[in-house]
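Residue-level structure breakdown
Here is what each chain is made of, one letter per residue.
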Amino acid sequence: MTRTTLTPAAPRTTGDWLRRFHPAEDAPVRLFCFPHAGGSASYYFPMSRALSPDADVLAVQYPGRQDRRHEACIDDLRELADRVVAELRPWCDRPVALFGHSLGASLAFEVALRLQEAGDTAPVALFASGRRAPSHHRENQLVHLAPDDRLLAEIKALSGTDPAVLADDELLRSVLPAIRGDYKAAETYRYRPGPALACPITVLTGDIDPAVTAEEAAGWADHTGGPFALHRFAGGHFYLNQHGSEVIDLIRQQLA
């Protein structure tokens, strides 16, 4: 991968928005990771550990969860993208790639567009996991307006929440505001037609994911002027919980 001159050296501390679990100062590429709805930066701890020192992994920590639980959630995806880009740009002193799962894939796409528009920080790759293409919208998805019980049922059905959290009803309800805010961001997001990304897009989905059909996954090809690849794994929306090593190998090969 060719190194280009971008911005001055990256800062030494990450602040509220980013978590850098395994600093890799000499890595040729930085990988920014974006969590799913209700998720947190710690979801990417295993990926960070596995990819270090080949990639310097930084996971985004949205407001309203874990150590940011007392902050108000940002329930508008475009506003969230604007805020994230401001935090990421100082770290773009080397080639950068983005990985996002579910809500995180839509957010990673919008962030990638903004970085590309900036000119000197265009990403070298986008990995979109467990999410339909931005141009594919499903009508009448209003889970974020549903009563708590239905929202909880939705979360449990997708099987992506820590079993310890699912077993603790009080704890689960305490994180509902963040989950509801994330669902609102995902469900109210609308793609605005514009220039495609120049970088490759790699799409990863579970073959029985109720949130992504084969057609919706293939639609990501329309959002890049570069190479496109689609990988389907056995499993549902959180297929990557069972195929983590395969996903990491795929990312490593793409970034090599």
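Treat the numbers as computed from the prediction; the structure is a model and nothing was measured.

How each quantity is defined
Residues numbered from 1 in each chain as written. Predicted model: local features only at pLDDT ≥ 70, side-chain atom pairs only at ≥ 80, totals over all residues. Heavy atoms only, no water. Pairing = 2+ DSSP bridges. Helix = DSSP H or I, 4+ residues; strand = E, 2+ residues; numbered from the N terminus. Contact = heavy atoms within 4.5 Å. Axes fitted to C-alpha atoms, helices over the stretch in contact; angles between N-to-C directions. Salt bridge = Lys/Arg side-chain N within 4 Å of Asp/Glu carboxyl O. Expected span 1.5 Å × (residues − 1). Buried < 20%, exposed > 50% of the residue type's maximum accessible area, 1.4 Å probe, protein only. Arc of directions from axis to C-beta. Polar contact = N/O pair within 3.5 Å; in protein donor to acceptor, adjacent residues only side chain to side chain. Phe/Tyr/Trp six-rings, centres within 6.5 Å; stacked < 30°, edge-to-face > 60°. Lys NZ or Arg CZ within 6 Å of the ring centre and 35° of its normal.

So, about the sheet that holds strand β4 (residues 96-101). Across the sheet, seven strands lie side by side as β1-β3-β2-β4-β5-β6-β7; this open sheet has mixed pairing. Edge positions in the sheet fall to β1 (18-19) and β7 (228-233), since each of these pairs with one other strand and no more. With five bridges connecting them, strand β2 (residues 30-34) and β4 associate as parallel partners. What sits directly across from Arg30, in β4, is Val96. Sheet contacts for helix α2 (residues 77-88): β1, β2 and β3 (56-60); angle to β2, the most-contacted strand, approximately 155 degrees. Running over the sheet, helix α9 (residues 244-255) touches β2, β4, β5 (125-129), β6 (201-206) and β7 and is turned about 160 degrees from β5.

Further remarks concern the pattern of salt bridges. Close approach of charged atoms allows side chains of opposite charge to pair. All chains considered together, the criterion is met by 17 salt bridges. Sharing partners across several salt bridges, the network here consists of Arg20, Glu25, Arg30, Asp56, Asp93 and Arg94.

So, about helix α7 (residues 176-188). For α7, built from 13 residues, the straight-helix expectation of 18 Å at 1.5 Å per residue is met to within 8% by its first-to-last C-alpha distance of 18 Å. Within α7, burial applies to Leu176, Ala178, Ile179, Gly181, Asp182, Tyr183, Ala185, Ala186 and Glu187.

The terminal C-alpha atoms of α2 lie 16 Å apart, and with 12 residues this matches the ideal 16 Å at 1.5 Å per residue to within 8%. Where α2 is concerned, the buried positions are Leu77, Arg78, Leu80, Ala81, Val84, Val85 and Leu88. Summarising the axial view, the buried residues of α2 lie within an arc of 150 degrees, below the 170-degree limit, and thus occupy one face. Lining the buried residues of α2 we find β1, β2, β3, α3 (103-118) and α7. Capping the start of α2 is the job of one residue whose side-chain oxygen sits 3.1 Å from the backbone nitrogen of Arg78: Asp76.

Once that is clear, we can look at the packing of aromatic side chains. This structure, assessed with the given rule, holds eight aromatic pairs. Both rings, one in Tyr44 and one in Phe99, keep their centres 5.9 Å apart while their planes meet at 80 degrees; by these two values the pair is edge-to-face. Placement of Tyr44 in the loop between β2 and α1 (45-51) and of Phe99 in strand β4 is noted, with a sequence separation of 55 residues between them. An identical accessibility class is assigned to Tyr44 and Phe99; each is buried. Taken together, the ring pairs connect Tyr43, Tyr44, Phe99, Phe127 and Phe238 into an aromatic cluster. If you follow Arg68 out to its NZ or CZ, it ends over the ring of Trp17, 4.4 Å from the centre.

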